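Residues per chain are reported as follows:
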2 protein chains.
Amino acid sequence: MLRPFRGAFTTPPADQPVRSARRQKLVVPGESKLLSSLAEAIKASGLKDGMTISFHHSFREGDMIIGQVLTAISELGIKGLRFAPSAVVNIKAPSIVDFVRKGTINRIEASGIRGELGDAVIDGLMDNPVVLRPHGARPRAIEAGELEIDVAFIGASSADEYGNATGLTGPNTCGSLGYSFIDARSARTVVIITDHLVPYPCVPASISQDNVDYVVRVEQIGDSAKIGKGAARVTKNPRDLLIAERAARLIAESGWFRDGYSFQTGAGAISIACTNFLADLTAEKGIRASFSLGGSTAAIVEMFKRGLVRTIQCSQCFDSVAAHAMTSDPNIVEIDNSLYANPHNKGAMVNKLDFGILGALEVDVDFNVNILTGSSGEMMGGLGGGPDVAAGAEVSIVTLPVVRGRTPSIVKKVFTVCTPGETVAAVVTEAGIALNPRHRNYARLRENLEKSNLKLVDIEELRRIAEDITGVPKPIQCTDKIVCLVEFRDGTVIDVIRQVKRDER
Amino acid sequence: MLRPFRGAFTTPPADQPVRSARRQKLVVPGESKLLSSLAEAIKASGLKDGMTISFHHSFREGDMIIGQVLTAISELGIKGLRFAPSAVVNIKAPSIVDFVRKGTINRIEASGIRGELGDAVIDGLMDNPVVLRPHGARPRAIEAGELEIDVAFIGASSADEYGNATGLTGPNTCGSLGYSFIDARSARTVVIITDHLVPYPCVPASISQDNVDYVVRVEQIGDSAKIGKGAARVTKNPRDLLIAERAARLIAESGWFRDGYSFQTGAGAISIACTNFLADLTAEKGIRASFSLGGSTAAIVEMFKRGLVRTIQCSQCFDSVAAHAMTSDPNIVEIDNSLYANPHNKGAMVNKLDFGILGALEVDVDFNVNILTGSSGEMMGGLGGGPDVAAGAEVSIVTLPVVRGRTPSIVKKVFTVCTPGETVAAVVTEAGIALNPRHRNYARLRENLEKSNLKLVDIEELRRIAEDITGVPKPIQCTDKIVCLVEFRDGTVIDVIRQVKRDER
């Protein structure tokens, strides 16, 4: 049943039609989809013990949908659900851990599980291993029939009573709803939850009424202050700025930096600084990028306003500037997360990337990237789109400091392999740039960078520098119990995470 | 196998997931979708004898895609195909009749078959009956698994080499590609054909690369003069103007004419005149329509510019003004034809219509509408969205003169039932308005109209007036051979068309 990882592009999909749990349905004129409460919608959806429910994470830390829905489900006494959001946000009151302990949820599939839930999972909370998938793998799994969603709960900052819905307008705008498109078209039943009902028809409509069964209005779907959290994550840390500038210069000297280049930079502090350096280098050279991809930020919107990128192809918005920019120009486009990164559609947009900037917790000497687990085996992040971007981009660049506190970032073997080394072209640190000899563009990249004055080092050298500072870390002790399966984008298992022995620390 | 019509809303879909022939596919970075010729694309698509091919009809009389593709298929010696476009346009050189005679095509499924092909079919050209479906029934049939498309050929006025495509830009702009959305997401293989390749990524993109297998550039996809044909179909015929004004006044006096009303008027000469009268009545009353639906025209764009309608929800563009307006404002929206009219999605937009103006060739005393066959049994039109609009709208209005030349339009029994009488609220003629006592809104409509000074007559009275002028027409003589199955929107057979005996005329 479980298939092992065999290489970035070696496991094709099964030769079968794409799956969907969506049903045809006769809705007669005059019929209303508006229900009075979440409980009504859950009852109408036919949700039963053991079924699968989904959410999107576009509201991020500000999400108030998941807590309300799980509370209503729990109050109805429904148990043993598979909880399959696009990612788990760190919601605290109520905590998802409580719903696991109560038995409302007994399986989790997501891109990442952060905070309290992540810690509880790695300490053995769940009987069933959590399945973690990169962003591109979730729509793949749904269309392959591996993740069948019974009821999708989709939060929308504006919606009409017939289900046309968007995240682009309304008081609690979150921006792109790109993660929920696959849920809308594939779930058996779709419930739109909004705090802002607008007159029919809602324009723009990211989600279309013909996919929606029910609409519920609640008092609040999210905390707009937290939705926009991170808007101004502009770092002043000199080390991070050095890494960011070096990554931007690597891009400029790589050989792929020309009019019409494309990029995805992401939302970390280094990434945002790198975007700003990249903008200036683009302006200096007098060229324009064709598109930026994936998560959008104020820094990317600023590039767009400066005329340095033709179109923003946006699957999610990392800050409120990016969210509010979505309706300002037809060249800022809300895209489906499947279009963005699904490796088994007919060609994802990541395939057309020249440059991808990736964050990491650890990289090892084989260039494998860990973006999930921290130095003590704690759950620190999510797979996100990193494995997708690395596989797609001509030049995939991991940016990280050689050490964080007393922890080395460049290690012999990462604790959790998330992104396979073969897909990583370069690792950029404050101590130099390591190119990956096994990457498909190594020869060309090396030739171009050797002409520059950028400092190239061996990855082993970076590991030595790191270990000279921190010493060799003590291995994390684990039990035999597998708490997470880490899937690669093609559905193969690239690694597992085992329960950490806390008593030995 | 064939299910008889039982009523407008009485046949629900089967309880099964929606079907798609689309496959998951591994496309690696660097792989190109651009092929050098239609023949290459046809070979790459795996098209074989007996398969099903599809096209859209957005280029209308100006289409140059169908002829080129069928010629290439024929040259490759592929035979026995099911030809399943959204509608058949009247292409003459080459004629589709030739491809039937050659054996390239042996089955046809469409919304209408016009011109030379229509005449040949009704005279017995095909061994298999042609299946005619209203616009809403085609996506329904595809998602029900009744019409599985092996290869969809989608003409686009702009496209990039990875398959992002649109009808909204480029030298041969046709406007909305709404009919092809279902093909793009449901066909096993999708080929984009364009005469205008644009840099990646094409923005706007109506069709998304993740649904597209191959892209072919041809010299010309359509004749833009003919694409825009009918732009200025403003009638000066006093009888038509009278009917149009009366239909508009019926709308205004109906009881459903209020701020936020919605309408679909269509593209006939009476319809366009009616749109203009409706615009003035809307302005006079100081209200605004919430949306117009379906096929868009210059008259509707003019209403939008006057601020008399909030949003145009456009599944096709009937003229070049409408086509070019598509990118001018985010409230002019390109919509999926399935969203527009599919009776078995989760609620089509036709369900939200207050007013629908329908054309007709004949109406009978039971209010059944014939929009396919003429007075001598010739094929005159297509089902279009008429049956969908009639079923969805609160007030569905058939506009037609009581006689055309020496032919009565109001008859005892229509030759072909296309739209069932129960879904028609009113018939508007120069001799008065007949309300349908069997329509669900009859009582309210009658009450309101009796307060107006509009002339209400009995449908039998209209028939007598017509027959007084023309005499009772001689029945059309047919053989036993069924040449067309006329499906209602839910997939039931509402009528059949038999081969006409030409020797008796």
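Nothing here was measured: the structure is a model prediction, and the numbers come from that model.

Attention shifts here to the overall build of chain A. Helix and strand counts for chain A stand at 15 helices and 26 strands. With the C-alpha coordinates of chain A rotated into their principal frame, the extents come out at 70 × 55 × 45 Å. In chain A, which comprises 505 residues, the proportion classed as buried is 64%. In chain A, the proportion of contacts linking residues at least 24 apart, taken out of those at least 6 apart, comes to 74%. Total accessible area computed for chain A in this model is approximately 17200 Å², and 49% of it derives from carbon and sulfur atoms. Placing the 57 positive and 58 negative side-chain charges of chain A at their respective mean positions leaves the two points 2 Å apart.

This next bit is on the interface of chain A and chain B. Listed as interface residues are 61 residues of chain A and, on the opposing side, 61 residues of chain B. Of the roughly 5100 Å² buried where chain A meets chain B, counting both sides, 53% is carbon and sulfur surface. Ranking the residues of chain A by area buried against chain B places Gln24(A), Pro29(A) and Lys346(A) at the top, with a combined share of 19%. Connecting chain A to chain B are eight salt bridges. Residue Asp213(A) is joined to Lys346(B) by a salt bridge in which the shortest nitrogen-to-oxygen separation is 2.7 Å. One can count 34 residue pairs in polar contact (both at pLDDT 80 or more) joining chain A with chain B.

A few words now on the environment of Ala244(B). Residues and elements named next belong to chain B. Topologically, Ala-244 is positioned in helix 8 (residues 238-253). Given the relative accessible area of 0%, Ala-244 is considered buried. Residues Ala-244 and Glu-430, spaced 186 residues apart in sequence, show a C-alpha to C-alpha distance of 9.2 Å. When near neighbours in sequence (up to four residues on either side) are disregarded, Ala-244 contacts Ile-270, Ala-273, Cys-274 and Phe-277.

Further remarks concern the packing of aromatic side chains. According to the stated counting rule, one finds 16 aromatic pairs over all chains in the structure shown. Ring centres of Phe257(A) and Tyr261(A) lie 4.8 Å apart, and the angle between their planes is 45 degrees; on these two criteria the pair is classed as tilted. Relative to Phe355(B), the ring of Tyr261(B) has its centre 5.9 Å away and its plane inclined at 65 degrees; by these criteria the two rings are edge-to-face. Here the residue Tyr261(B) occupies a position in the loop between helix 8 and strand 11 (262-264), and Phe355(B) occupies one in strand 15 (residues 355-358), the gap between them amounting to 94 residues. An aromatic cluster is present here, built from Phe257(A), Tyr261(A), Phe263(A) and Phe355(A) joined pairwise through their rings. The ring of Tyr214(A) has Lys25(A) lying over it, and the distance from NZ or CZ to the ring centre is 4.9 Å.

If you trace the three strands from one edge of the open sheet to the other, you get 17-16-21 (chain B), paired in mixed fashion. Here the strands that pair on one side only, and so sit at the sheet edges, are strand 17 (369-370) and strand 21 (410-411) of chain B.

All names here are of chain B. Taken in spatial order, the 10 strands of this open sheet run 1-10-9-6-2-3-4-5-25-26, and their pairing is mixed. Across the chains shown, the open sheet's two edge strands, defined by having one partner strand only, are strand 1 (34-35) and strand 26 (493-500). In terms of strand pairing, strand 2 (residues 52-54) meets strand 3 (residues 81-83) through two bridges, oriented parallel. Bridged to Thr-52 within strand 3 is Arg-82. Running over the sheet, helix 4 (residues 115-122) touches strand 4 (105-110), strand 5 (130-132), strand 25 (478-487) and strand 26 and is turned about 85 degrees from strand 26.

Residues and elements named next belong to chain A. In terms of residue burial, strand 12 (residues 289-296) counts as a mostly covered element, since eight of its eight residues are buried. Each parallel crossover has a hand, and for strand 11 (residues 262-264) linked through helix 9 (residues 269-285) to strand 12 it is right-handed. Running through helix 10 (residues 298-305), the crossover from strand 12 to the neighbouring parallel element strand 13 (residues 309-317) is right-handed.

In this section: the domain arrangement of chain A. Residues and elements named next belong to chain A. Domain boundaries assigned for chain A yield domain 1 (47-226) and domain 2 (238-475). Summarising the inter-unit geometry, the C-alpha centres of domain 1 and domain 2 are found 28 Å apart. On the side of domain 2, 31 residues touch domain 1, which itself brings 32 residues to the contact. Interface area for domain 1 against domain 2, summed over the two sides, is near 2500 Å², with a carbon-plus-sulfur share of 57%. Of all residues in domain 1, Ile-122, Ser-176 and Tyr-179 bury the most surface against domain 2, accounting for 20% of the area lost on that side. If you look at where domain 1 meets domain 2, you find one salt bridge. For the interface between domain 1 and domain 2, the tally reads 15 residue pairs in polar contact (both at pLDDT 80 or more). Sorting the residues of the side of domain 1 that touches domain 2 by element identifies helix 4 (115-122), helix 5 (137-143) and helix 6 (181-186) as the ones contributing at least two each. At four residues, helix 5 tops the list of elements feeding residues into the side of domain 1 that touches domain 2.

As a further point, take the relation of the copies chain A and chain B. Screw-axis analysis of chain A against chain B gives a translation of 0.0 Å along the axis, an RMSD of 0.0 Å, and a rotation angle of 180 degrees. Within this description, the copies of the chain are treated as partners about a two-fold rotation axis. Of the residues that chain A buries at the interface, 100% are likewise interface residues in chain B, meaning the two copies contact each other through the same surface.

Before going further, it helps to spend a moment on the environment of Ala299(A). Residues and elements named next belong to chain A. Structurally, Ala-299 can be placed in helix 10. Among the residues examined, Ala-299 registers a relative accessible area of 9% and is labelled buried. In sequence terms Ala-299 and Val-321 are 22 residues apart; their C-alpha atoms lie 9.0 Å from each other. Beyond its immediate chain neighbours, meaning those up to four positions away, Ala-299 contacts Ile-272, Thr-275 and Asn-276.

With that settled, the discussion passes to the pattern of salt bridges. In this structure the tally under the stated criterion is 51 salt bridges over all chains. Across the pair Glu467(B) and Arg463(B) runs a salt bridge whose closest N-O atoms are separated by 3.1 Å. Highlighted residues: Glu467(B) and Arg463(B), both in helix 15 (residues 459-470), separated by four residues, approximately one helical turn. For Glu467(B), a relative accessible area of 16% gives the class buried. Through salt bridges that share partners, Arg3(A), Arg82(A), Glu109(A), Arg133(A), Arg140(A), Glu146(A) and Glu487(A) make up one connected network.

Moving on: the side chain of Ser176(A). By the element assignment, Ser176(A) lies in the loop between strand 8 (165-166) and helix 6. Setting aside anything within four residues of it in sequence, one finds Ser176(A) in contact with Ser58(A), Leu168(A), Cys314(A), Ser315(A), Gln316(A), Cys317(A), Met326(A), Glu334(A) and Ile335(A).

A word on the state of the cysteines. All names here are of chain A. Under the criterion given, the structure shown has zero disulfides over all chains. In this structure Cys-418 is a free cysteine whose sulfur lies 10 Å from that of Cys-484, the closest cysteine sulfur available. Take Cys-418: its relative accessible area is 1%, and that puts it in the buried class.

Low pLDDT marks regions whose predicted coordinates should not be analysed in detail. Of all residues in chain A, 98% attain a pLDDT of 70 or more, and the chain-wide mean is 95. Across the predicted assembly, pTM comes out at 0.97 and ipTM at 0.96.

The subject of this paragraph is the pairing of strand 10 (residues 214-217) of chain A. All names here are of chain A. Pairing analysis gives two bridges linking strand 1 (residues 34-35) to strand 10, with the strands arranged parallel. The residue bridging Leu-34 from the neighbouring strand is Val-215, located in strand 10. As paired strands, strand 9 (residues 189-194) and strand 10 are joined by four bridges and run parallel to one another. Bridged to Thr-194 within strand 10 is Arg-217.

Reading the values: rules and limits
Residues numbered from 1 in each chain as written. Chains lettered and ligands numbered in written order. Predicted model: local features only at pLDDT ≥ 70, side-chain atom pairs only at ≥ 80, totals over all residues. Heavy atoms only, no water. Helix = DSSP H or I, 4+ residues; strand = E, 2+ residues; numbered from the N terminus. Buried < 20%, exposed > 50% of the residue type's maximum accessible area, 1.4 Å probe, protein only. Contact = heavy atoms within 4.5 Å. Areas by Shrake-Rupley, 256 points an atom, 1.4 Å probe, with all protein chains shown as cover. Lys, Arg positive; Asp, Glu negative; His and termini not counted. Charge placed at Lys NZ, Arg CZ, Asp CG, Glu CD. Buried area = accessible area lost by both parts, 1.4 Å probe. Salt bridge = Lys/Arg side-chain N within 4 Å of Asp/Glu carboxyl O. Polar contact = N/O pair within 3.5 Å; in protein donor to acceptor, adjacent residues only side chain to side chain. Phe/Tyr/Trp six-rings, centres within 6.5 Å; stacked < 30°, edge-to-face > 60°. Lys NZ or Arg CZ within 6 Å of the ring centre and 35° of its normal. Pairing = 2+ DSSP bridges. Axes fitted to C-alpha atoms, helices over the stretch in contact; angles between N-to-C directions. Right-handed = clockwise from strand over helix to strand, strands pointing away. Domains from an automatic or database assignment. Least-squares fit on C-alpha atoms with pLDDT ≥ 70 in both. Disulfide = S-S within 2.5 Å. pLDDT = per-residue confidence, 0-100.

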